[in-house]
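Analysis of the macromolecular model
Chain by chain, the residues:
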Amino acid sequence: MMRSAFDEQLIEMLGKPGADGEYAGDLLMIAKYFERIGDHAVNITKWVPFSVTGNKEGQQED
């Protein structure tokens, strides 16, 4: 849902006369970096339990 709202705003901004394409490109890069940060956060949440317990997610201790 959030991506759709962002897409609509970007399309509206670029459709206006005198649209600033460089600004739109910067917004796209910022969105990309936020996605990468989110991916890294997910990876961290998976590695923390492993570093504490030594077991992979879903693996039972013997």
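Preceding this paragraph is the structure being described.
I will try to describe carefully the structure that is included in this document. Residue positions are counted from 1 within each chain, in the order its sequence is given. pLDDT decides what is reported in this predicted model: residues at 70 or higher carry local features, side-chain atom pairs at 80 or more are listed and counted, and totals for whole chains, interfaces and linings draw on all residues regardless. Hydrogens and waters are ignored; side-chain quantities use all the structure's heavy atoms.

Brief notes about the environment of I11
By the secondary structure assignment, I11 is in helix α1 (residues 2-15). Separated by 13 residues in sequence, I11 and A24 place their C-alpha atoms 9.3 Å apart. Secondary structure counts use DSSP, requiring at least four H or I residues in a row for a helix and at least two E residues in a row for a strand, with both numbered from the N terminus.

Here's the deal with helix α2 (residues 21-53)
The length a helix should cover is 1.5 Å for every residue beyond the first. Under the 1.5 Å per step criterion, the end-to-end length of α2 is 49 Å for 33 residues, consistent within 8% with the ideal 48 Å. Following α2 by one or two positions, G54 adopts a phi angle in the positive range, close to 80 degrees.

Side note on the environment of M13
By the element assignment, M13 lies in helix α1. Only protein chains enter the accessibility calculation, which uses a 1.4 Å probe. A residue is then buried if its area is under 20% of the maximum for its type, exposed if over 50%, and partly exposed in between. Take M13: its relative accessible area is 23%, and that puts it in the partly exposed class. Spatially, the C-alpha atoms of M13 and Y23 are 9.7 Å apart, while their sequence positions differ by 10 residues. Here M13 is in contact with A19, Y23 and L27, once residues within four sequence places are set aside. By the convention used here, residues are in contact when the closest approach between their heavy atoms is within 4.5 Å.

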